[in-house]
Amino acid sequence: MELNYYDKNAQSFFNDSVNINLDDLYGTFLSPLDKGAHILDAGCGSGRDSKVFINKGYKVTSFDSSAELVKLASKHIGIQVKLMDFSQLDENNTYDGIWACASLIH
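First, a word on what this report is: a plain description of the structure on this page.

The rules behind each value
Residues numbered from 1 in each chain as written. Predicted model: local features only at pLDDT ≥ 70, side-chain atom pairs only at ≥ 80, totals over all residues. Heavy atoms only, no water. Pairing = 2+ DSSP bridges. Helix = DSSP H or I, 4+ residues; strand = E, 2+ residues; numbered from the N terminus. Contact = heavy atoms within 4.5 Å. Axes fitted to C-alpha atoms, helices over the stretch in contact; angles between N-to-C directions. Buried < 20%, exposed > 50% of the residue type's maximum accessible area, 1.4 Å probe, protein only. Arc of directions from axis to C-beta. Phe/Tyr/Trp six-rings, centres within 6.5 Å; stacked < 30°, edge-to-face > 60°.

## Topic: the sheet that holds strand E2 (residues 59–64)
With parallel pairing, 4 strands are arranged side by side in an open sheet as E3-E2-E1-E4. Two strands in the sheet have a free side with no partner beyond their single neighbour: strand E3 (82–83) and strand E4 (97–99). Here strand E1 (residues 38–42) runs beside E4; their pairing, made up of 3 bridges, is parallel. Bridging across to E4, Ile39 finds its partner in Gly97. Along the sheet, helix H3 (residues 23–30) makes contact with E1 and E4, crossing E4 at roughly 155°.

## Concerning helix H2 (residues 10–17)
Of the residues making up H2, those classed as buried are Ala10, Phe14 and Ser17. Buried residues in H2, looked at end-on, bunch into an arc of 85°, giving them a common side. On its buried side, H2 packs onto helix H1 (5–8), helix H4 (48–55) and helix H5 (67–77).

## A closer look at the packing of aromatic side chains
One pass over the full model with this rule turns up 8 aromatic pairs. Judged by centre distance (5.2 Å) and plane angle (90°), the rings of Tyr5 and Tyr6 are edge-to-face. Relative accessible area serves as the criterion here: at 34%, Tyr5 is assigned to the partly exposed category. Judged by relative accessible area, which is 14%, Tyr6 ranks as buried. Judged by centre distance (5.5 Å) and plane angle (75°), the rings of Tyr26 and Phe53 are edge-to-face. Of this pair, Tyr26 sits in helix H3 while Phe53 sits in helix H4, placing them 27 residues apart in sequence. For the pair Tyr26 and Phe53, one class covers both residues: buried. Cluster of aromatic residues (ring-pair linked, three or more members): Tyr26, Phe29, Phe53 and Trp99.

Such coordinate-based values are descriptive only and should not be taken to indicate function.
As structure tokens, this is what we get:
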């Protein structure tokens, strides 16, 4: 799949993914983290997971490599999503947890 697929199909991807319930995965991921922990949502797509984490009281930083999904996710979650890819991530000891749900397959 070409990487600009998500720019070309951002709205349909957003619509198809934004309401998927991943409560079981969230519980497993969040269980070792303290409330208010800082989570990196790497390849956040629609922002669905970031929104859940924010609503549960976590600090969240999100990024995606699709400019169109960054716009949609930023609006959806109410924070500015960074436009970047994994190769641009250059931070150490910043996050308490890194969530990369289905984003590493690309």
